[in-house]
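Take a look at the letters that make up each chain.
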Amino acid sequence: MKKFFITMAAILAVTGAAWAQEPVKKHDWAFIGLEVGPNYTFWSVSDNPYHKISPQPGIVGSMHVEFLFGKRQQSGINLNVGVEWLNAGVQEVENGSTHRVQAMDVFFALGYKYTFRNGIFLEIRPQFDIYASCERRLNGTSEAKHDPKAKSPMGFSVGAGAGYNFTDNFAVFFRYKKGFGDIFNSVGVMPLECKETAGILEMGITFGLTM
């Protein structure tokens, strides 16, 4: 019996030591690839009972770089540079008209990511946006849009997300970003009844090469 307990203790000690040293990520220090997927934009509206807003699908795509550190490579700094298209519908309940608000921005995001042993990860990241185009349309006709010769409005958001690493080269992610600042105020694109900040839900895949 004593030998049994000694043997079990030795097995547990070896297993524990291996578990402590085995990296969550198998590659050495970095990952470079692409992120792509759909998004849904939720712009806020005022207390006007005659207007409501509905999210509509857009798309986001970016180059994704991840630098790992720590003994088990669970932590990482993420860098994303990309483009996103945002869409939403602003409906005038009184007459049934629906304005389609569209925007395209180039963004830069820098965040922190933590990966658990089971492959699930959490992340948080601030994001800076430069809006290359903003437009409001009604029945296919442009009502208002940003003058490309004018200074581009800038935005800022903070995103929090989660995902799952199927392999070191492929993952899925879900992310929610809260925007700050009136990105359309200077160009007059949003209807007056709408607030200028937005919430953006993103989901998609990340794939690429490890280093």
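Here goes a summary of the coordinates provided. Remember, predicted model here, so these are calculated numbers, not experimental data.

**So, the overall build of the chain**
Reasoning step 1: For the chain, the count of helices and strands is one helix and nine strands.
Reasoning step 2: From first element to last, N terminus to C terminus, the chain shows the α and β order α-β-β-β-β-β-β-β-β-β.
Reasoning step 3: When each of the 211 residues of the chain is scored for burial, the buried share is 39%.
Reasoning step 4: Taken as a whole, the chain presents about 11500 Å² of accessible surface, with 67% of it coming from carbon and sulfur.

**Some thoughts on the packing of aromatic side chains**
Reasoning step 1: Tallied over the entire structure, the rule returns five aromatic pairs.
Reasoning step 2: Seen in terms of ring centroids, Tyr114 and Phe116 are 5.1 Å apart; in terms of plane orientation they differ by 75°. Their pairing is edge-to-face.
Reasoning step 3: On the basis of relative accessibility, which here comes to 35%, the residue Phe116 falls in the partly exposed class.
Reasoning step 4: Here Phe166 and Phe170 contribute two aromatic rings whose centre-to-centre distance is 5.7 Å and whose plane-to-plane angle is 40°, an arrangement assigned as tilted.
Reasoning step 5: Grouping aromatic residues by their ring pairs yields a cluster made of Tyr164, Phe166 and Phe170.
Reasoning step 6: Here Lys113 stacks its cationic end above the ring of Phe121, 4.0 Å away from the centre of that ring.
Reasoning step 7: Just above the ring of Phe107 sits the side chain of Lys177; from NZ or CZ to the centre is 5.5 Å.

**Overview of the pairing of strand E4 (residues 97-115)**
Reasoning step 1: Two elements, E4 and strand E5 (residues 120-138), share 15 bridges in a ladder whose sense is antiparallel. Bridge pairing links Gln102 to Glu135 in E5.
Reasoning step 2: Where E4 hands over to E5, the hairpin turn is made up of four residues, of which Gly119 adopts a positive phi near 95°.

**Describing the pattern of salt bridges**
Reasoning step 1: Inspection of every chain in the model, using the stated rule, returns six salt bridges.
Reasoning step 2: One salt bridge connects Arg175 with Glu35, and the closest N-O pair in it is separated by 3.4 Å. With Arg175 in strand E8 (residues 170-180) and Glu35 in strand E1 (residues 30-45), the pair connects residues that are 140 residues apart, well separated along the chain. Each member of the pair, Arg175 together with Glu35, is buried.
Reasoning step 3: Glu84 is paired through a salt bridge with Lys177; the nearest N and O atoms lie 2.9 Å apart. Taken together, the residues span a long stretch of sequence, with Glu84 in strand E3 (residues 75-92) and Lys177 in strand E8 at a distance of 93 residues.
Reasoning step 4: What you see here is one network of salt bridges that share partners, running through Glu35, Glu84, Glu123, Arg175, Lys177 and Glu202.

**With respect to the environment of Pro38**
Reasoning step 1: Following the sequence through the fold, Pro38 ends up in strand E1.
Reasoning step 2: On the basis of relative accessible area, Pro38 is assigned to the partly exposed category, the value being 33%.
Reasoning step 3: The sequence separation of Pro38 and Glu202 amounts to 164 residues, and the corresponding C-alpha distance is 6.1 Å.
Reasoning step 4: Here Pro38 is in contact with Gly58, Ile59, Leu201, Glu202 and Met203, once residues within four sequence places are set aside.

**Considering the pairing of strand E7 (residues 154-167)**
Reasoning step 1: Relative to E7, E5 runs antiparallel, the two sharing eleven bridges. Counted as the bridge partner of Gln127 is Ser157 from E7.
Reasoning step 2: Relative to E8, E7 is paired through eleven bridges, and the arrangement is antiparallel. Bridge assignment links Gly161 to a residue of E8, and that residue is Arg175.
Reasoning step 3: Taking the residues that link successive antiparallel strands as the turn, the E7-E8 hairpin has two residues.

Here is what the cut-offs are and how they apply
- Residues numbered from 1 in each chain as written.
- Predicted model: local features only at pLDDT ≥ 70, side-chain atom pairs only at ≥ 80, totals over all residues.
- Heavy atoms only, no water.
- Helix = DSSP H or I, 4+ residues; strand = E, 2+ residues; numbered from the N terminus.
- Buried < 20%, exposed > 50% of the residue type's maximum accessible area, 1.4 Å probe, protein only.
- Areas by Shrake-Rupley, 256 points an atom, 1.4 Å probe, with all protein chains shown as cover.
- Phe/Tyr/Trp six-rings, centres within 6.5 Å; stacked < 30°, edge-to-face > 60°.
- Lys NZ or Arg CZ within 6 Å of the ring centre and 35° of its normal.
- Pairing = 2+ DSSP bridges.
- Salt bridge = Lys/Arg side-chain N within 4 Å of Asp/Glu carboxyl O.
- Contact = heavy atoms within 4.5 Å.

By themselves, these observations are geometric and do not establish any function.
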